[in-house]
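Overview (structure and organization)
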Amino acid sequence: MSDVLSCPVTGASGPLPEYPLPRAAECPLAPAPAAQELRAEKPITRVRIWNGSTPWLVTRHADQRALLPDPRVSDDDLDPGFPYVNAHRAEIAPVTPRLITNTDAPEHTRLRRTVNGPFVVKRIEMMREPVQKIVDELVDRMLDGPNPVDLLQAFALPVPSLVIAELLGVPYADHDFFQRSSSLVLDGAAPPEEARRAGGELASYLDELLERKTADPGEDVLSEMAGRVRAGEMAHTEAVHMGVAMLIAGHETTATMISLGTIALLQHPGQLALLRESDDPKLIANAVDEVLRYLSIVQSGVRRVAKDDIEIGDVVIRKGDGIIFDLHAANWDPEVFPEAERLDLTRPARIHQAFGHGPHQCLGQNLARLELQVVYGTLYRRIPTLRLAVPVEELEFDHTGTTYGVHRLPVAW
């Protein structure tokens with residue numbers, strides 16, 4: 001099987017493309033064909049979103065690298081021009097606590113500083129052995145269990161759920177609750193009242209847990225935040241909602257990268273063989289970044305708003321204009337990644353945009369990389385005959401949330 005996806009590139013329909021742009025059904029792992037055409041012809045262009053507003057869409061890697069760190073590009077979702085993902089996000093923005101996900105400096109800097117410590121490379125690297133133990137035990141359980149099996153439920157979800165539970169100090173026994181609630185919060189197709197209720201239940205759960213950590217601290221992130229609350233460095237409500245955000249982001253995206261990464265690698269057996277037969281940590285680390293680049297699972301784009309006029313190339317983005325950064329299109333930019341449609345685990349891929357860029361770059365990227373390095377370096381070597389149990393055409397992809405994924409991933413060996 002070729003290591004290149006043969007995906008047609010088609011033009012965006014109509015004078016103003018509707019965003020999100022549709023994916024090609026035959027190439028569910030590739031960026032939308034229209035996004036790739038826009039990157040080549042109109043890398044910064046207007047698009048129309050669900051509410052009729054017309055933010056700018058940025059698809060070229062170089063333009064994203066220039067704009068995302070620009071202090072005139074704001075993450076303030078209370079600005080009238082902010083391009084919300086959907087009506088539910090617009091509705092809850094005024095009552096959403098100010099966090100690292102919706103503030104700018106200096107408030108963002110203060111909040112990020114309160115939670116950054118546990119996620120620095122040195123601290124995360126100390127988790128490699130515990131993560132390896134989690135992965136090995138789950139592989140053992142798979143090998144002793146039914147064959148075929150749903151990899152998503154048996155492995156891809158439990159790995160990051162166990163890891164984030166240990167890191168935060170959340171009882172893993174409650175994982176069914178927080179997985180179900182997190183999925184509802186992130187599901188753009190869920191009824192708004194259900195999503196709000198799920199978010200409220202998660203906040204109540206973390207509120208109670210943080211109170212317990214305040215009274216009886218442990219060696220975990222929630223206990224550290226409880227200490228910062230006691231020291232007056234952050235408010236109790238800030239700690240609660242920061243915990244909710246980390247709990248949601250800490251398992252959903254990594255589970256998706258495990259399942260979709262497995263699909264991509266099984267579709268590219270030559271590349272999978274490189275990974276399966278190597279114990280070189282550098283190759284495995286680079287492979288993780290290449291799969292992150294190739295998949296770019298955030299499908300709703302990074303949303304921002306201009307706080308001042310910004311001139312870039314032959315375009316002027318005016319103050320108050322919304323901006324959407326299509327990360328997948330940038331990660332398949334041939335000016336940065338030649339033959340970007342080719343999955344190449346030896347390609348230098350670290351400058352991908354899968355975690356965003358600039359001051360709002362993903363807080364948990366070091367943790368995600370470590371988990372994926374352990375998973376990709378273990379799963380396929382321990383189960384060398386792993387294969388899809390159904391044709392890839394029969395997999396049901398889910399495009400309703402912030403990230404895309406699969407509902408089930410039947411595998412056999």
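Structural data are supplied above this passage.
Quick caveat: nothing in here was measured; it's all calculated off a predicted structure. (Residues numbered from 1 in each chain as written. Predicted model: local features only at pLDDT ≥ 70, side-chain atom pairs only at ≥ 80, totals over all residues. Heavy atoms only, no water.)

Adjacent strands of a sheet form backbone hydrogen bonds with each other and so pair up, either parallel or antiparallel. Strands sit in the order S4-S12-S9 across an open sheet of three strands; the sheet is antiparallel. Strand pairing shows two members of the sheet lacking a second neighbour, strand S4 (149-150) and strand S9 (387-388), which therefore form its edges. Sheet topology places S4 next to strand S12 (residues 410-412); two bridges connect them, and they run antiparallel. In the sheet register, aspartate 150 faces S12, and the bridge partner there is proline 410. (Pairing = 2+ DSSP bridges. Helix = DSSP H or I, 4+ residues; strand = E, 2+ residues; numbered from the N terminus.)

Moving on, we get to the pairing of strand S5 (residues 302-306). Within S5, five of the five residues are buried, which leaves the element mostly enclosed by the surrounding structure. Burial of S5 is two-sided: the residues Val302, Arg304 and Ala306 facing one way and the residues Arg303 and Val305 facing the other way are all buried. Where strand S3 (residues 73-74) and S5 come together, two bridges link them in antiparallel fashion. Looking across to S5, one finds that serine 74 is bridged to valine 305. Taken together, the four bridges between S5 and strand S8 (residues 322-325) define a ladder with antiparallel strand orientation. Each bridged residue has a counterpart across the sheet, and for valine 305 the counterpart in S8 is glycine 322. (Buried < 20%, exposed > 50% of the residue type's maximum accessible area, 1.4 Å probe, protein only.)

So, on to the packing of helix H13 (residues 269-276) against helix H16 (residues 365-382). Their axes nearest at 9 Å, the elements H13 and H16 cross at an angle of 100°. In this view, H13 runs roughly perpendicular relative to H16, as classed from their interaxial angle. Across the interface between the two elements, Leu272, Leu275 and Arg276 from H13 touch Tyr376, Tyr380 and Arg381 from H16. Considered class by class, the residues forming the contact of H13 with H16 number four nonpolar, no polar and two charged. (Axes fitted to C-alpha atoms, helices over the stretch in contact; angles between N-to-C directions. Parallel < 35°, antiparallel > 145°, perpendicular 65-115°, else oblique. Contact = heavy atoms within 4.5 Å. Nonpolar A, V, L, I, M, F, W, Y, C, P; charged D, E, K, R; others polar.)

To continue, consider the packing of aromatic side chains. Per the counting criterion, the structure on display carries four aromatic pairs. Both rings, one in phenylalanine 82 and one in tyrosine 84, keep their centres 5.4 Å apart while their planes meet at 55°; by these two values the pair is tilted. Judged by relative accessible area, tyrosine 84 falls into the buried class, the value being 13%. Between arginine 23 and the ring centre of tyrosine 404, over which it is positioned, the NZ or CZ distance is 4.0 Å. Stacked on the ring of phenylalanine 337, the Lys or Arg arginine 293 has its end atom at 5.3 Å from the ring centre. (Phe/Tyr/Trp six-rings, centres within 6.5 Å; stacked < 30°, edge-to-face > 60°. Lys NZ or Arg CZ within 6 Å of the ring centre and 35° of its normal.)

Here lysine 42 is to be found in the loop between helix H1 (33-41) and strand S1 (44-46). On the accessibility criterion, lysine 42 (48% relative accessible area) is partly exposed. Apart from the residues lying within four places of it in its own chain, the contact partners of lysine 42 are Glu37 and Thr59.

Turning next to H13. Residues of H13 that are buried include every one of Gln271, Leu272, Ala273 and Leu275, and no others. Here the buried face of H13 lies against helix H12 (236-266), helix H14 (281-295) and H16.

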